[in-house]
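Here's the letter readout for the chains.
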Amino acid sequence: MRQEFMPELVCGYQLLNNGWRSRGGGLDDPYNLVMKIQLEHKFEDIASVENLLEAWCEFIKGKRGKKDVQEFSLRLMDNILELHRDLSTHTYQHGGYQAFNISDPKPRNIHKAAVRDRLLHHAIYRVLYPFFDKTFIADSYSCRLGKGTHKAINRFRSLAYKVSRNNTHTCWILKCDIKKFFENIDHEVLRNILHQYISDERVLVLLSEVIDSFSSLRKGVGLPLGNLTSQIFVNIYMNEFDQFVKHKLKARYYIRYADDFIILSEGRRQLENLIFPIHQFLNHKLKLELHSDKIFVKTLASGVDFLGWVHFLDYRVLRTTTRRRMFRRIKISTVTETLNSYLGLLGHGNAQKLKCVLEKNYQALAMRN
């Protein structure tokens, strides 16, 4: 049966000392669940020389040896003042991108902006992140301070214990991911979401310049993997979905990491009934599609593949593809740092035997070299 979606408003609130201001959500959108709160920071807070200098200190960490960064730093103050002037006179234009491919773990096309533009990304991020992070749900774990994959899988285990009542009841899990996530972020939809939170038109124009600096397969669609701003933009974008799942679908046990998300429940039918409204919301509101081959409803006892691990009732094991990739990397790079990073990863699951095998392989390769 087709489900009807009616407007639902949750009271907003004020936190003026933290740069928040409440704003009505409006009733014209059937998916509008929460009254929006507005960013109090203005354009000048992004474009100021002080913010650009602070952004440079953050940006340069780990990049001092890069040729383009060294060239920019030779005339650092001149370059920062020039960027400040272009922003203040509203003549700033985002440059192009350098494309390259990586395999981490699957092939990805990365787009790298010029140093000047990446500096601006950091300046924007410094202002937007503290505000928007407070609007996100607690169980969104991608690209957030104090979150990450390890926190996400530990939270998964905690929720699984709750739903299964300490492994005494069946725990069902709906697992989905979104098809070509970054490639399909719609610029107009993103701008409309940002407009609900930001009242300074100059900030919106600047953000639009960054957003429109890149398109994937078609104009007006896609964000580049590699931009710091892309990380916060996709979280702002998917926060609309998170709020829908939590407030409209009333999914109590829900976790999202980037485009992967899971919902836990005691009943299979309950989870199956969520697939259609989830599909409808993503398609109509965010212009995204579920990956049809990656929609699963299964029990935790049968094993659930999530964030590199296969999770069971009271333990988890490393995904087979991750294990194979780990041994390939050890063969290529026998430096101690590579081994230690993988030993640290294995410490988050039931992998004592695998750790022993990995250490033996590493020692054998190191002796050969």
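Look up: the structure comes first, before these words.
1. Quick look at the overall build of the chain
Then step 1. Counting its secondary structure elements, the chain contains 13 helices and 11 strands.
Then step 2. For the chain, the proportion of its 369 residues judged to be buried stands at 47%.
Then step 3. Considering only residue pairs separated by 6 or more positions, the chain has 68% of its internal contacts joining residues 24 or more positions apart.
Then step 4. A total accessible area of about 19,000 Å² is found for the chain, and carbon and sulfur atoms account for 51% of it.

2. As for the nonpolar core
Then step 1. In this structure, Phe132, Leu194, Ile198, Phe241, Ile278 and Leu286 are the most contacted members of the largest nonpolar core, which totals 73 residues.
Then step 2. Apart from residues no more than four positions distant in its own chain, Phe241 is found in contact with Tyr254, Phe261, Ile278, Phe281, Leu282 and Leu286.
Then step 3. Ala152, Val163, Leu318 and Ile330 belong to the second largest nonpolar core, which has 29 residues in total.

3. A few points about the packing of aromatic side chains
Then step 1. In this structure the tally under the stated criterion is 15 aromatic pairs.
Then step 2. Between the aromatic rings of Tyr125 and Tyr129, the centroid separation amounts to 5.2 Å while the plane-to-plane angle is 20°, which identifies the pairing as stacked. With Tyr125 and Tyr129 both in helix 5 (residues 115–133) and 4 residues apart, this pair spans about one turn of that helix. We note that Tyr125, like Tyr129, is buried.
Then step 3. Aromatic rings pair up to connect Phe241, Phe244, Tyr254, Phe261 and Phe281 into one cluster.

Thresholds, definitions, all that
- Residues numbered from 1 in each chain as written.
- Predicted model: local features only at pLDDT ≥ 70, side-chain atom pairs only at ≥ 80, totals over all residues.
- Heavy atoms only, no water.
- Helix = DSSP H or I, 4+ residues; strand = E, 2+ residues; numbered from the N terminus.
- Buried < 20%, exposed > 50% of the residue type's maximum accessible area, 1.4 Å probe, protein only.
- Contact = heavy atoms within 4.5 Å.
- Areas by Shrake-Rupley, 256 points an atom, 1.4 Å probe, with all protein chains shown as cover.
- Core = buried A, V, L, I, M, F, W, Y, C linked by side-chain atoms within 4.5 Å.
- Phe/Tyr/Trp six-rings, centres within 6.5 Å; stacked < 30°, edge-to-face > 60°.

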